[in-house]
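# Working through the structure, step by step
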Amino acid sequence: MAASALFILDLKGKPLISRNYKGDVGLGEIEHFMGLMLQREEEGALAPLLPHGHVHFLWIKHSNLYLVATTKKNGNASLVYSFLYKVVEVFREYFKELEEESIRDNFVTVYELLDELMDFGFPQTTDSRILQEYITQEGTKLERGGCRVPSTVTSAVSWRPEGIRYKRNEVFIDVVEAVNLLVSASGAVLLSEVLGTIRLKVFLSGMPELRLGLNDRVLFELTGRGRSRSVELEDVRFHQCVRLARFASDRTISFIPPDGDFELMAYRLSTQVKPLIWVESVIERFSHSRVEILVKAKGQFKKQSVANGVEIAVPVPSDADSPKFKTSAGSAKYVPERNLVLWTIKAFPGGREHVMRAHFGLPSVAREEDEGRPPVAVRFEIPYFTVSGLQVRYMKIIEKSGYQALPWVRYITQSGDYQLRTG
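Before going into details, it helps to say that this report is about the structure given with it. (Residues numbered from 1 in each chain as written. Predicted model: local features only at pLDDT ≥ 70, side-chain atom pairs only at ≥ 80, totals over all residues. Heavy atoms only, no water.)

## Quick word on the overall build of the chain
If you tally the helices and strands in the chain, you get 8 helices and 23 strands. Here the chain, with 423 residues, has 44% of them falling under the buried criterion. For the chain, the proportion of contacts with a sequence separation of at least 24, taken over those separated by at least 6, is 69%. As presented, the chain carries roughly 22,900 Å² of accessible surface, and 48% of it is formed by carbon and sulfur atoms. (Helix = DSSP H or I, 4+ residues; strand = E, 2+ residues; numbered from the N terminus. Buried < 20%, exposed > 50% of the residue type's maximum accessible area, 1.4 Å probe, protein only. Contact = heavy atoms within 4.5 Å. Areas by Shrake-Rupley, 256 points an atom, 1.4 Å probe, with all protein chains shown as cover.)

Quick look at the structure:
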């Protein structure tokens, strides 16, 4: 059991949409929810789950809306929150943006979607591509002979319809890894993890079966190939199309893919990562006069790779003015509304070091309070490279007609929450 009812409220707590799946929670409960929410907010104890009597309110905020699920059972909170975020995803794919206006303008479609997304408190069809086969935003006319139920609803492979045909059969595989890093002012790595996803864009005819092989450490141990150049995946999450029993037995990722673009799997590596772009900043402040900033950035990845779209955000005092910059590569600009200098380098080869100098004027009157120094934030993207060393070893495509298909693999490493403290 996930939820007894689902409510969509505006920021004032007025219900825009309500769908009661079990009939045991009414609109009156929402008044208690808003009162409880305001009280907890004043006390500084606001939480994503609010109990009131026998009812538990589980809520998220998106844009100018509250999505609130209620339950009287001891349900699975993770399932409820996953459902709420899935509702947001489905509505955004239908209406482009999910906000109060889109709910008001499409309330008939919203009710139809809520009827299909959950039944009697249990999540049902949550794939927007399947829902769009029979819940459309176009006008309909009455036809004799009844309606045809889409085959994807009753099929064992609900995520892929039959009869798909392409002149050119191809599969595009993107291995994207985001590096989360936090470095202290002394240079010690406080947080280091890699969040990876494998996304596929499938243009295949018929109902093919795909088998994907990775350099997974468990697979290498099962086959007696040792641990050389292998990767130990953690917290692996798969798309529903993957046969989990097959993966558990021999680590083979076997599946019949959805058509088009989808996320096949996600994983995490809590490994110690060497900072790919190392940044040092020295700030010299002359009272009532000026401040000078020296920033050095070095690419600590292999020389054959190039980081694209590098952005280094260096915080500056909020009372600084009259900026002047000098860079060895790229360009720098002052962003006063964010109190930082944004240093942009289009292409940053590995092993290179670049320098940026900034000069700011300061007011003659000193500020009373001392400002903290926020960390330096870095953004980048390195193509043809994975920091974990994950590799796609093979992709087999099996289809009864026996056609030949081309798999294309692309590797990308990019910054996630990547920050270096400066003291």
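Additional details are given in the paragraphs that follow.
## Focus on the nonpolar core
Of all hydrophobic cores here, the largest spans 68 residues; its most connected members are Ile198, Leu200, Ile253, Phe255 and Leu264. For Phe255, the contacting residues outside a window of four places in its chain are Leu200, Pro208, Glu209, Leu210, Leu212, Cys241, Val242, Arg243, Phe262 and Leu264. Counting residues in hydrophobic clusters, the runner-up holds 30 residues, among them Ile17, Ile60, Val110 and Leu131. (Core = buried A, V, L, I, M, F, W, Y, C linked by side-chain atoms within 4.5 Å.)

## Regarding the environment of Leu182
Tracing the chain through its elements places Leu182 in strand S8 (residues 170-183). Of the residues examined, Leu182 reaches a relative accessible area of 18% and is grouped as buried. For Leu182 and Asp417, which are 235 residues apart along the polypeptide, the C-alpha to C-alpha distance reads 7.8 Å. With sequence-adjacent residues up to four places away left out, Leu182 is seen in contact with Ala188, Val189, Leu190, Leu191, Gln419 and Arg421.

## Regarding the layout of surface pockets
Its volume calculated, the largest pocket comes out at about 750 Å³. When contributions to the lining of the largest pocket are tallied by element, the ones reaching two or more residues are helix H2 (77-95), helix H5 (128-134), helix H6 (151-154), strand S11 (234-238) and strand S13 (260-269). Here the element with the most residues in the lining of the largest pocket is H2; it accounts for 6 residues. (1 Å grid on protein atoms, 1.4 Å probe; cavity = no way out; pocket = protein on both sides within 12 Å on 5 of 7 lines; lining within 4 Å. Points joined across faces, edges and corners; volume = space filled by probe spheres on them.)

## Focus on the pattern of salt bridges
Under the criterion given, the structure shown has 15 salt bridges. Between Glu89 and Lys86 there is a salt bridge whose closest N-O contact spans 3.3 Å. Note that Glu89 and Lys86 are positioned in helix H2 at a spacing of 3 residues, about one turn of the helix. The class of Lys86 is partly exposed, set by a relative accessible area of 24%. With a shortest N-O distance of 2.6 Å, Asp235 and Arg268 are connected by a salt bridge. Of this pair, Asp235 sits in strand S11 while Arg268 sits in strand S13, and the two are 33 residues apart along the sequence. The exposure class assigned to Asp235 is exposed, which follows from its relative accessible area of 52%. Residue class for Arg268 comes out partly exposed when judged on its relative accessible area of 23%. Connected through salt bridges with shared partners, the residues Arg199, Arg237, Asp261 and Glu263 form a single ionic network. (Salt bridge = Lys/Arg side-chain N within 4 Å of Asp/Glu carboxyl O.)

Worth remembering: the numbers are spatial, not functional.
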